[in-house]
Amino acid sequence: MIKLDIKGCSSFVNGADYKEYVNKALEAYDTLASEQGAGNDFLGWKTLPIDIDEQMIASMEAVRDDWKGRGVNLVIAIGIGGSYLGAKCAIEALSHSFVEPATKVVFAGNNLSEDYLAELMDLAQQRNVAVVVISKSGPTTEPAVAFRIFKAYLEERYGKAEAAQRIVAITDKERGALKTLSNQEGYRTYIVPDNVGGRFSVLTPVGLLPIVLAGFDIRAMLKGAAEEREELLKKSETNAAVQYAAMRNCLHSRMDKAIEILVTFNPKLTYVAEWWKQLYGESEGKDGKGIFPASVTNTADLHSMGQFIQEGSRLMFETVINVENAARNVVIGSDEQNLDCLNFLAGQHVEHCNAMARLGVKVAHIDGGVPQMEIGMTKIDEANLGALFYFFEFACGVSAYTLGVNPFNQPGVEAYKKNMFALLRKPGYEKQTEEILKRI
């Protein structure tokens, strides 16, 4: 379902160099397929599209139906990083941009902004509320703070027993603070699989439950992912994941391209880029290595970042997501005065103009020294998003192994947490507090 076009890199990379990196990527593919590489205990995501069974889907739909029966029209999904970005990007992509849905899913626990939480509480007081809290262990600071606040709010507003029916926890199957609390309070729970890291978890209940609650079809999403999986399991030099991994590593190593910009021409995909940035940033950015993931949403960002991309430091290459078919039709009309001089576009679809802008940018950026790959998807729907999720995840594993790093750990994420705990004077961090205060 996902198509990859690398011709926009052909004038930058010679055939011998690309062939070398195809061979490296095929070796990395074998490492991923054999499950013998670094981080091989976190490969459960590979079979998720075929592992999620009808019983689990039905149970998530039962939560949706139960909450509808209780009049819930606001679901607060609490989580950070991979515990929210997958659901957030899917819901943003599939939702109407302006019309309010019957059940609105919003996100908390992804920041420590007091203004954000206070304004979310303003919304909660106007709505009928339920909460999905997502945390493998429970004490991660950002979601733990948000959950403490909204748990207390639900219990005060609805009473303890009813609040327990309005909270679902997605957490470890056996241990951790959130699992213990769920057992004590009788929350419905779903499991964060031990062998799936957060940034690869969009096709687990972590992503699927909020998507169901927002009213979307996860069966179609899983089917699209399963179909993409079948394609990517066919090892060859033309395998899209192999080609993507080979080209991005070739550009990085042979041309010193340090930045990859994921480009979208539909604002519905802006948060897909945010999800992608976490996936590749956490998977590859370690051991002093990695390609820095950035993103733009065009054509808007052509009027802000466009100048730098066109003529700034030649540090980057682009990967463009091309949606082949718009879901809606808007045609440009004719105007008698023609003061804007646009009558030459009369009768054209707006999406035709968008496509011509994309092609014009492609030529301009390649001429300006920016290699470009293109990822094609038929349209924005559940099946295509499922395929895109799986493509990027699989390609990420191949690319990181090609780069020579473990795709499935993130040791650097803990560094800021230790300093934050010390500055917040968490018990046990007294020595670190004194040391940090001397430095700031």
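Now for a description of the structure that goes with this document. (Residues numbered from 1 in each chain as written. Predicted model: local features only at pLDDT ≥ 70, side-chain atom pairs only at ≥ 80, totals over all residues. Heavy atoms only, no water.)

**Section: the overall build of the protein chain**
- Across its full length, the protein chain carries 17 helices and 10 strands.
- What you see for the protein chain is a C-alpha radius of gyration of 23 Å, in line with the 22 Å of a compact globule of 440 residues.
- The principal-axis extents of the C-alpha atoms in the protein chain amount to approximately 65 × 60 × 50 Å.
- Expressed as a percentage of its 440 residues, the buried residues of the protein chain come to 52%.
- Averaging the locations of the 46 positively and 56 negatively charged side chains of the protein chain gives two centres separated by 4 Å. (Helix = DSSP H or I, 4+ residues; strand = E, 2+ residues; numbered from the N terminus. Rg over C-alpha atoms; globule rule 2.2 N^0.38 Å. Buried < 20%, exposed > 50% of the residue type's maximum accessible area, 1.4 Å probe, protein only. Lys, Arg positive; Asp, Glu negative; His and termini not counted. Charge placed at Lys NZ, Arg CZ, Asp CG, Glu CD.)

**A word on the pattern of salt bridges**
- Applying the stated criterion across every chain yields a total of 31 salt bridges.
- In this structure, Glu61 and Arg219 form a salt bridge, with 2.5 Å as the shortest nitrogen-oxygen distance. Note that Glu61 is positioned in helix 3 (residues 54-69) and Arg219 in helix 10 (residues 218-232), a separation of 158 residues in sequence.
- Look at Glu61 and you get buried, because its relative accessible area is 17%.
- By relative accessible area, which is 33% here, Arg219 ends up partly exposed.
- In this structure, the salt-bridge partner of Glu100 is Lys104, at a minimum N-O distance of 3.9 Å.
- You can call Glu100 partly exposed: its relative accessible area is 41%.
- Among the charged side chains, a network of salt bridges with common partners joins Asp66, Arg70, Glu162, Arg166 and Arg188. (Salt bridge = Lys/Arg side-chain N within 4 Å of Asp/Glu carboxyl O.)

**Things to note about the pairing of strand 6 (residues 188-191)**
- Bridging between strand 5 (residues 167-171) and strand 6 involves 4 bridges; their strand directions are parallel. Paired with Thr171 across the bridge in strand 6 is Ile191.
- Handedness of the strand 5-helix 8 (residues 177-185)-strand 6 crossover: right-handed. (Pairing = 2+ DSSP bridges. Right-handed = clockwise from strand over helix to strand, strands pointing away.)

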